Amino acid sequence: MVISSNSMTKTITRRSFLVSSVVTAVSTAFAAQAPATAGAPDPKLMEDLVAAYRILAQQGVLDGFGHVSARHDRAANRFIMSRSLAPELVTASDLIEFDLDANPVDPRGRSLYSERFIHAEIYRARADVKAVVHNHAPSLIPFGVSTVPLRPMYHMAAFIGNGVPVFDIRKSFGMTDMLVSDSRKGRALAEALGNKTAVLMRGHGVAVVGSTIPIAVGRSIYLDLNARIEAQAIGLGGNITYLDPQEAQKMMDSGENRAYERPWELWKAKAMSK
Ligand SMILES: [Zn+2]
């Protein structure tokens, strides 16, 4: 009887230990997947983020792929981006809050962009960045795969006066599916970006950053235009006079494209009227 009682106690103890271990493991996993919300972001931020998706689709910078995000206005360790969806279809109800490990706060079963780590790791590395665009604009691809650097052709692209680095995923990760789909790859991309405004991704696309949503969107649009202009200028066959880094710096000092406020109002009105 005593033995039996002892063995029962042992069984119960072992069982409750197992149960508590499982509970701990489950709650740890849950905590890792579902960080606490930092609260609702400014409604204007959400409105501008929806507009950003639509504007970039209408401008041909994003197609069915690519994404934009914004850092949460009340929590530096949170950012907002859409669930996995074609950019032109994004509405406010599709926006999800993430932490800097790219874990969603409340995904409600919705699928996520596999390359959200691009955004998370850039926000972690760059306190000045408040918005990130990732796109696959065809005009940019040649400059990521050839030895010809992307350089500023005109005043609208002064923001690349300090150069555009190229991130080659193969150098650090060997043969991959080319996607920045985990934190390690995101970190390597953010390192390649350094303190610049954009980083080309070899055989893939680009990541563009800004201190506001309109700046990240404006830079993405004019980076695409600049790449097309550069290819055209090279095609002419003569010598090319690029913007001098000092000229570019003077333009940046006098206020980069007036923070894109004027075109932003136009782009947003057009994008939201459809
Ligand atoms: Zn991509």
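The structure we're discussing is the one just above.
In what follows, the accompanying structure is described. Treat the numbers as computed from the prediction; the structure is a model and nothing was measured.

1. Some thoughts on the pattern of salt bridges
This model, assessed by the stated rule, comprises 14 salt bridges. A salt bridge links Arg 108 to Asp 106, with the nearest nitrogen and oxygen atoms 3.6 Å apart. Between Arg 219 and Glu 256 there is a salt bridge; the shortest N-O distance is 2.6 Å. Separated by 37 residues along the polypeptide, Arg 219 in helix H7 (residues 213-236) and Glu 256 in the loop between helix H8 (245-253) and helix H9 (261-272) bring together distant segments of the chain. A relative accessible area of 9% means that Arg 219 is categorised as buried. Connected via shared salt-bridge partners are Lys 44, Glu 47, Asp 48 and Lys 268.

2. A closer look at the pairing of strand E3 (residues 95-99)
Across the five residues that make up E3, a large majority, five, are buried. Burial along E3 is two-sided: Leu 95, Glu 97 and Asp 99 and Ile 96 and Phe 98, pointing in opposite directions, are all buried. Two strands pair when backbone bridges link them, and strand E2 (residues 78-82) and E3 are joined in this way by five bridges, in the antiparallel orientation. Its bridge partner being in E3, Ile 80 is matched across the sheet by Glu 97.

About the thresholds
For every chain, the first residue of the written sequence is number 1, and numbering continues from 1 onward in sequence order. With pLDDT at 70 or above as the cut-off, local features in this predicted model cover only qualifying residues; side-chain atom pairs require 80 or more to be listed or tallied, and sums for whole chains, interfaces and linings still use all residues. To obtain the side-chain values, all non-hydrogen atoms of the structure were used and water was disregarded. Salt-bridge detection follows one rule: a side-chain nitrogen of Lys or Arg within 4 Å of a carboxyl oxygen of Asp or Glu. A run of H or I in DSSP counts as a helix once it spans at least four residues, and a run of E counts as a strand once it spans at least two, with each numbered from the N terminus. Exposure categories follow from relative accessible area, calculated using a 1.4 Å probe and restricted to protein chains: below 20% of the type maximum is buried, above 50% is exposed, and the middle band is partly exposed. When DSSP finds at least two bridges between two strands, those strands are taken to pair.

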